[in-house]
Amino acid sequence: MHESHPITDGSGKHLELNGTAAMITRSSTGKRLIQLTAGGYKQIGSAWSTERVDLNRSFTTSFKAFLHHDRPGADGIAFLAQGHGPRALGGWGGGLGYRGIRHSVAVEFDTYQNSTDPSGNHLAVVLGGNPDRHLKTAEVSIPLYGKPFLARIDYDGGHQRLRVYVQGLYKHAREKLMLDEKVDLARWAGVSDGWLGFTGATGDRVSHQDVYDWTVDAPPA
Ligand SMILES: [Ca+2]
């Protein structure tokens, strides 16, 4: 096994930030986090690791997310493996910041029900940067909005299987497997060595959308 290394090391130097994305320090804890959107309307942010990952091999990544505001908000965030590069940035609102990032596989954490969505609290695997077409969706048993949660995404390069686990960040919370799909990351990204990271967006409703404690455990590309 290879070592797991944190991407958000405090300095943010291994990250490329676009749109409204910024490294901020949460005042209550002093913790550094990636703020994808900052509570305004029609905001779009993305954050990518500048270190590429071999998408033909297995990797594991985990992160915590806190999507919050003082009232019901939108639209959510997505984790992507993509082949465009560290400046990739997609569409706002229901596009979750990845609409139009064509060479990609997205795992969305969607907090607002658009017409093509099953609910306002779902996960989905999406191919080709088109959030109107889900390869697979899953209802989440914990709220994605208003409370922080932990997500773990495993990719089995040998069997081309993507598994997504979610866990609440409260005492005795248990990790649950939410999605288990066959998907060829390198094929959809259009490259062998791709970029991992996050997108997030707001529309007519707003949200603060923060990602922190992000680690990637992968062989070097
Ligand atoms: Ca949505």
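What counts and what doesn't
Residues numbered from 1 in each chain as written. Predicted model: local features only at pLDDT ≥ 70, side-chain atom pairs only at ≥ 80, totals over all residues. Heavy atoms only, no water. Helix = DSSP H or I, 4+ residues; strand = E, 2+ residues; numbered from the N terminus. Contact = heavy atoms within 4.5 Å. Polar contact = N/O pair within 3.5 Å; in protein donor to acceptor, adjacent residues only side chain to side chain. Donors = N, O, S within 2.8 Å, 3.2 Å for Na, K, Ca; no water. Salt bridge = Lys/Arg side-chain N within 4 Å of Asp/Glu carboxyl O. Buried < 20%, exposed > 50% of the residue type's maximum accessible area, 1.4 Å probe, protein only. Phe/Tyr/Trp six-rings, centres within 6.5 Å; stacked < 30°, edge-to-face > 60°.

1. Comments concerning the environment of aspartate 132
- Note that aspartate 132 resides in the loop between strand 10 (122-127) and strand 11 (136-139).
- In the structure, aspartate 132 is positioned 33 residues away from arginine 99 in sequence and 9.0 Å away in space, judged by C-alpha atoms.
- Not counting chain neighbours up to four residues away, the residues in contact with aspartate 132 comprise Arg99 and Thr116.
- Looking at aspartate 132, its side chain comes within polar contact range of the side chain of arginine 99, at 3.1 Å.

2. Concerning the coordination of the calcium ion
- Asp110 (OD), Asp110 (OD), Tyr112 (O), Asn114 (OD1) and Asp117 (OD) make up the full set of protein donors to the calcium ion, lying at 2.3 to 2.5 Å.
- Of note, the calcium ion draws all its donor residues from one chain, in the sequence arrangement D-x1-Y-x1-N-x2-D.

3. Let's talk about the environment of valine 164
- Mapped onto the secondary structure, valine 164 falls in strand 13 (residues 161-168).
- For the pair formed by valine 164 and methionine 178, sequence separation is 14 residues and the distance between their alpha carbons is 5.6 Å.
- Among residues more than four places away in sequence, those in contact with valine 164 are Val107, Leu123, Arg152, Ile153, Lys176, Leu177, Met178 and Leu179.

4. Remarks on the pattern of salt bridges
- For the coordinates displayed, the defined rule picks out nine salt bridges.
- For the salt bridge of glutamate 16 with arginine 87, the shortest nitrogen-to-oxygen distance reads 2.6 Å. Here glutamate 16, found in strand 2 (residues 15-19), pairs with arginine 87, found in the loop between strand 8 (76-82) and strand 9 (104-110); they are 71 residues apart in sequence, far enough to count as distant.
- Judged by relative accessible area, glutamate 16 falls into the partly exposed class, the value being 24%.
- For arginine 87, a relative accessible area of 56% gives the class exposed.

5. Section: the packing of aromatic side chains
- For the coordinates displayed, the defined rule picks out seven aromatic pairs.
- Where phenylalanine 63 meets phenylalanine 79, the ring centres are 6.3 Å apart and the plane angle is 15 degrees; that geometry is what we call stacked. Of this pair, phenylalanine 63 sits in strand 7 (residues 59-68) while phenylalanine 79 sits in strand 8, and the two are 16 residues apart along the sequence. Comparing phenylalanine 63 with phenylalanine 79, the two get one shared label, buried.
- Seen from their ring centres, phenylalanine 198 and tryptophan 214 are 4.8 Å apart, and the 75 degrees between their planes marks the pair as edge-to-face. Of this pair, phenylalanine 198 sits in strand 15 (residues 193-201) while tryptophan 214 sits in strand 16 (residues 208-217); the two residues are 16 residues apart in sequence, bridging distant segments of the chain.
- A residue is classified by how much of its surface remains accessible, and tryptophan 214, at 0% relative accessible area, is buried.

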